[in-house]
Structure formats: C-alpha cells, structure tokens
Amino acid sequence: MVQVHAHSNIRQRRRRFALLSVCVLVLVSIAYSVLAVAPPPDLVGTIRFVDGDTLDVGQARVRLHAIDAPETDQLCTTDRGKEWACGGWIRKVVADRYDGETAVCDILDTDRYGRAVAQCRALGGDIGAWLVREGFAFAYVKYGADYVAIERRASTARRGLHAVQVQNPAAFRARGRREVAPPGGKCVIKGNISADGTRIYHMPGQTFYDRTRISARKGERWFCSAAAAESEGWRAARR
C-alpha cells in the first residue's frame, strides 16, 4: 500500500509540474504577443508646428503621414469672393492647440527633404486624424488612404476648408515651381529651405544671399524683417 501511495504522489507532482509549465508557456506567449503588437514608439518629444502638416518633435523635423494642408503662403476664397490667408491661419490654429504638448510618433518613411514621415499622437489622439476631421487638412491619397473616410465626413459637414474655395495644396506647390519674385520695398530677406528641411533666412550681404533662389513649391518665401522670419520658425544663416 505504501508503494502504491508513493507512486500516486509522484504522478500528482508530475501533473502539477506539467500544468505549471503550460501556464508559464502561455504567459510567456501572451507577453511576447503584446510586445510584438505594441512596439515602442520611434520618436517622442515636445511639439512645435512649422506649418499645417509639418512639425518639430524635439529636434526632429516630421511630415505627418497621408495628409496635406495648405502652404503657409496659400490663399483661400470665401463664398463671397474674399481672399484670406488660410495657410497661415491653419498653422496658427494647430500651433495654438499642440505647441508645447508631447507627441508620440511612429516613423513610416523619410521624404526627399530628409524629414521623417510619421503618424503622431498627442492630446489623446492621432494628430493627422484631428486635422482632417476639423477640415484643416486633406487626405493625401497618393501616400495612403488612412484618412479618406474622415475627410468625406468633414466635407459633408462643410467643416474648415470644405466651406471655402481652396486649391489643392499639391497643385499649389506644383504651380509655384518657378522662382518667386521679391515683393519689393523692404521685403528683401530670403527664406530658404535646405535639403534636410531646415528653414534659414538670408540677409542682403551674407555669403549665400545672391545665389539663394526662392521656390514656392518648397514653401520658401520672402520676409520683410528678421523678426517676422523668426516668428514663423526660420533661423538666421550663420554667414
């Protein structure tokens, strides 16, 4: 009887060990799945908006994925035929909402200007989705259909840009491929965008002033004062 009882205890211990092993394997599998589904973000930092779809996240320049907002010098026309600077207005709206907040971004690509192309979240939601939902940007279908349904609802509700006449931002940039002539007067400061997306302004007399060309396609522009350039996020050339 003692031997039978001993064998029974051994079998019970083996079953408990087997069950414990299965539980450990299940827990390890669950933990691995969670980590695989939710990898850490590529970029986290404080927000400073440059224009309607471009922002600095910490020290990194980011272009928001699959959306397109009017350029800062782009105009819109109301139903009454009045033109207004909608591009600059949108930049102010998004800056008022997001500047100083923390963004968490997943980088998807790098564009030809060296900017990270990413989906970013702040204030509890997707920044790109909020911009399209409020009518401050359009779904950029060329690079993804992520926000097409959201834009359709914004258009139906005539939110933001959907209540005015505005040229497609990509078409506006394409139209401005030729160099922009200076506006005259004191507006002789050249706002140039370098290959890595850095915005630099050149004063008359500086080394690269004469060879710098202004392209509206890239979002470059003329400024009337250094203070105006810096308020828009441009920095002075070093020489």
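Details of the structure are given in the entry above.
What this report covers is the structure whose coordinates are included nearby. (Residues numbered from 1 in each chain as written. Predicted model: local features only at pLDDT ≥ 70, side-chain atom pairs only at ≥ 80, totals over all residues. Heavy atoms only, no water.)

1. Things to note about the overall build of the protein chain
Part 1 of the argument: Along the backbone of the protein chain there are six helices and 15 strands.
Part 2 of the argument: Expressed as a percentage of its 239 residues, the buried residues of the protein chain come to 38%.
Part 3 of the argument: Look at the contacts in the protein chain between residues 6 or more apart in sequence, and 60% of them connect residues 24 or more apart.
Part 4 of the argument: A total of about 14,000 Å² of accessible surface is found on the protein chain, and carbon and sulfur atoms cover 56% of it. (Helix = DSSP H or I, 4+ residues; strand = E, 2+ residues; numbered from the N terminus. Buried < 20%, exposed > 50% of the residue type's maximum accessible area, 1.4 Å probe, protein only. Contact = heavy atoms within 4.5 Å. Areas by Shrake-Rupley, 256 points an atom, 1.4 Å probe, with all protein chains shown as cover.)

2. Considering the sheet that holds strand β11 (residues 165–166)
Part 1 of the argument: Strand order across the open sheet formed by three strands is β6-β5-β11, with antiparallel pairing between neighbours. Two strands bound the open sheet, and with one partner strand each, they are β6 (83–84) and β11.
Part 2 of the argument: Sheet analysis places strand β5 (residues 76–77) next to β11, joined by two bridges and oriented antiparallel. Residue pairing across strands places C76 opposite V166, the latter belonging to β11. (Pairing = 2+ DSSP bridges.)

3. A short note on the pattern of salt bridges
Oppositely charged side chains can pair when the atoms bearing their charge come close.
Part 1 of the argument: Here the structure, examined in full by the defined rule, presents nine salt bridges.
Part 2 of the argument: A salt bridge links R199 to D51; its shortest N-O distance comes to 3.4 Å. A residue pair is termed long-range when its members are at least 10 positions apart, and R199 in strand β13 (residues 199–202) and D51 in strand β1 (residues 43–51) qualify at 148 residues. Of the two residues, R199 and D51, both sit in the buried class.
Part 3 of the argument: Linking D79 and R158 is a salt bridge whose minimum nitrogen-to-oxygen distance equals 3.3 Å. (Salt bridge = Lys/Arg side-chain N within 4 Å of Asp/Glu carboxyl O.)

4. Observations concerning a positive patch on the surface
Part 1 of the argument: A contiguous patch of positive charge, built from R97, R133, R152, R153 and R159, is present on the exposed surface.
Part 2 of the argument: For R153, the location among the structural elements is in helix α4 (residues 148–156).
Part 3 of the argument: By relative accessible area, R153 is classed as exposed at 53%. (Patch = residues over 30% accessible without salt bridge, like charges linked within 9 Å, V, L, I, M, F, W, Y side chains within 5 Å. Lys, Arg positive; Asp, Glu negative; His and termini not counted. Charge placed at Lys NZ, Arg CZ, Asp CG, Glu CD.)

5. Section: the side chain of T54
Part 1 of the argument: Within the fold, T54 resides in strand β2 (residues 54–57).
Part 2 of the argument: Among the polar contacts listed, one links the side chain of T54 to the side chain of D53, at a separation of 3.1 Å. (Polar contact = N/O pair within 3.5 Å; in protein donor to acceptor, adjacent residues only side chain to side chain.)

6. Side note on the sheet that holds β13
Part 1 of the argument: The mixed open sheet is built from four strands, whose spatial order is β14-β12-β13-β15. For this open sheet the edge positions go to β14 (221–223) and β15 (235–236), each flanked by a neighbour on one side alone.
Part 2 of the argument: With four bridges connecting them, strand β12 (residues 189–193) and β13 associate as antiparallel partners. In the sheet register, I193 faces β13, and the bridge partner there is R199.

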